[in-house]
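# Analysis of the macromolecular model
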Amino acid sequence: MASDLHGTCYQCRITAQEADGPLECEITEVLLGLGEPSRVIELIQGMIAQPARWEFLLEKATELGVHAITPVTTERTERTHFKQERSDRILRAALKQTKRARLPLLRLDRLFEVPDARQDPLEALDAMLPWVRGAHLKDHVVMGGMVCGVPVGEGVLPIAEI
């Protein structure tokens, strides 16, 4: 079985193999979306200080079928970067273990800062506005078509001002 890491798996038969060389295979069946969940799930995760915990998170998110992982920073984030190559290797290894067809996206292009949850709710919503696609102000914020969290803070949201 081989995968293009973008959602397609190929059932293959080995036709030739050289000692310590490349394999030649014949594709016998194309399997679209093998092992992929029916829903697209994006994990928006605060950066974790310990590298081992970040790696554990990547592995478990892949096993659970997450489509994309977006790291975020906050005022209290101790670690604001990670080793991209190491993270990619962990994602690939977890993908092989779970026999999924799609490698989760590690969305560094969408890295953003989450405001301190104790600040004014309007300031928090203003800071997240570039990523918000819709909101039900009583309950949650929807970013990119996904429910991602609850605006928290002290005070009330003056709906007329929004």
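The structure contained in this document is the topic of the report that follows.

The rules we used
Residues numbered from 1 in each chain as written. Predicted model: local features only at pLDDT ≥ 70, side-chain atom pairs only at ≥ 80, totals over all residues. Heavy atoms only, no water. Helix = DSSP H or I, 4+ residues; strand = E, 2+ residues; numbered from the N terminus. Buried < 20%, exposed > 50% of the residue type's maximum accessible area, 1.4 Å probe, protein only. Contact = heavy atoms within 4.5 Å. Areas by Shrake-Rupley, 256 points an atom, 1.4 Å probe, with all protein chains shown as cover. Core = buried A, V, L, I, M, F, W, Y, C linked by side-chain atoms within 4.5 Å. Salt bridge = Lys/Arg side-chain N within 4 Å of Asp/Glu carboxyl O. Expected span 1.5 Å × (residues − 1). Arc of directions from axis to C-beta. Pairing = 2+ DSSP bridges. Patch = residues over 30% accessible without salt bridge, like charges linked within 9 Å, V, L, I, M, F, W, Y side chains within 5 Å.

Along its length, the protein carries 3 helices and 10 strands. Listed by position from the N terminus, the elements making up the protein come as β-β-β-β-α-β-α-β-β-α-β-β-β. Counting across all 162 residues of the protein, residues that qualify as buried make up 31%. A separation threshold of at least 6 residues defines the contact pool for the protein, and within that pool the share at least 24 residues apart is 58%. Accessible surface for the protein amounts to roughly 10700 Å². Of this, 52% is attributable to carbon and sulfur atoms.

The next thing to look at is the nonpolar core. Counting 15 residues, the largest nonpolar core has Trp54, Leu58, Ile69, Phe82, Leu91, Leu103 and Leu106 as the members making the most contacts within it. Those elements that place two or more of their residues in this core are α1 (51-63) and α2 (84-98). What leucine 91 contacts, discounting residues up to four positions off in sequence, is Leu58, Thr62, Ile69, Leu103, Pro104 and Leu106.

Quick look at the pattern of salt bridges now. Counted under the stated rule, the structure contains 5 salt bridges. Between glutamate 42 and arginine 107 there is a salt bridge, with the nearest N and O atoms lying 2.9 Å from each other. You can see glutamate 42 sitting in strand β4 (residues 42-46) and its partner arginine 107 sitting in the loop between β6 (105-106) and β7 (112-113), a full 65 residues away along the chain. Glutamate 42 gets classed as buried once you look at its relative accessible area, which sits at 13%.

Given 3.6 residues per helical turn, the α-helix brings residues three or four places apart onto the same face. Compared with an ideal rise of 1.5 Å per residue, which puts 15 residues at 21 Å, α2 spans 21 Å between its outermost C-alpha atoms and is within 8% of the ideal. Within α2 the residues assigned to the buried category are Ser87, Ile90, Leu91, Ala94 and Leu95. One face of α2 carries all of its buried residues, which in axial projection span an arc of 135 degrees. Exposed and facing more than 90 degrees away from the buried side of α2 are Glu85 and Lys96. Contact partners of the buried residues in α2: α1, β5 (68-73) and β6. Taken from the residues just after α2, lysine 99 is the one with a positive phi, measuring 60 degrees.

With that settled, the discussion passes to the sheet that holds strand β1 (residues 2-3). Pairing is antiparallel across the open sheet formed by 3 strands, whose spatial order is β1-β2-β3. Two strands in the sheet have a free side with no partner beyond their single neighbour: β1 and β3 (23-32). Summarising the sheet, β1 and strand β2 (residues 8-17) pair through 2 bridges and their orientation is antiparallel. Counterpart to serine 3 in the pairing with β2 is cysteine 9.

Here glutamine 17 shows up in strand β2. Residue classification places glutamine 17 among the exposed positions, given a relative accessible area of 59%. In this view, glutamine 17 contacts Pro22 and Leu23; residues no more than four positions away in its chain are not counted.

Attention shifts here to a nonpolar patch on the surface. A cluster of nonpolar residues, Ile27, Val30 and Leu32, forms a patch on the protein surface that exposes about 320 Å² of accessible area. Within the fold, leucine 32 resides in strand β3. The exposure class assigned to leucine 32 is exposed, which follows from its relative accessible area of 68%.

A separate point is the environment of tryptophan 54. Here tryptophan 54 lies in helix α1. Sequence-wise, tryptophan 54 and phenylalanine 82 are 28 residues apart; in three dimensions their C-alpha atoms are separated by 8.6 Å. When near neighbours in sequence (up to four residues on either side) are disregarded, tryptophan 54 contacts Gln45, Gly46, Met47, Ile48, Ile69, Pro71, Arg79, Phe82, Ser87 and Leu106.

Remember, this is a structural readout, not a statement about activity or role.
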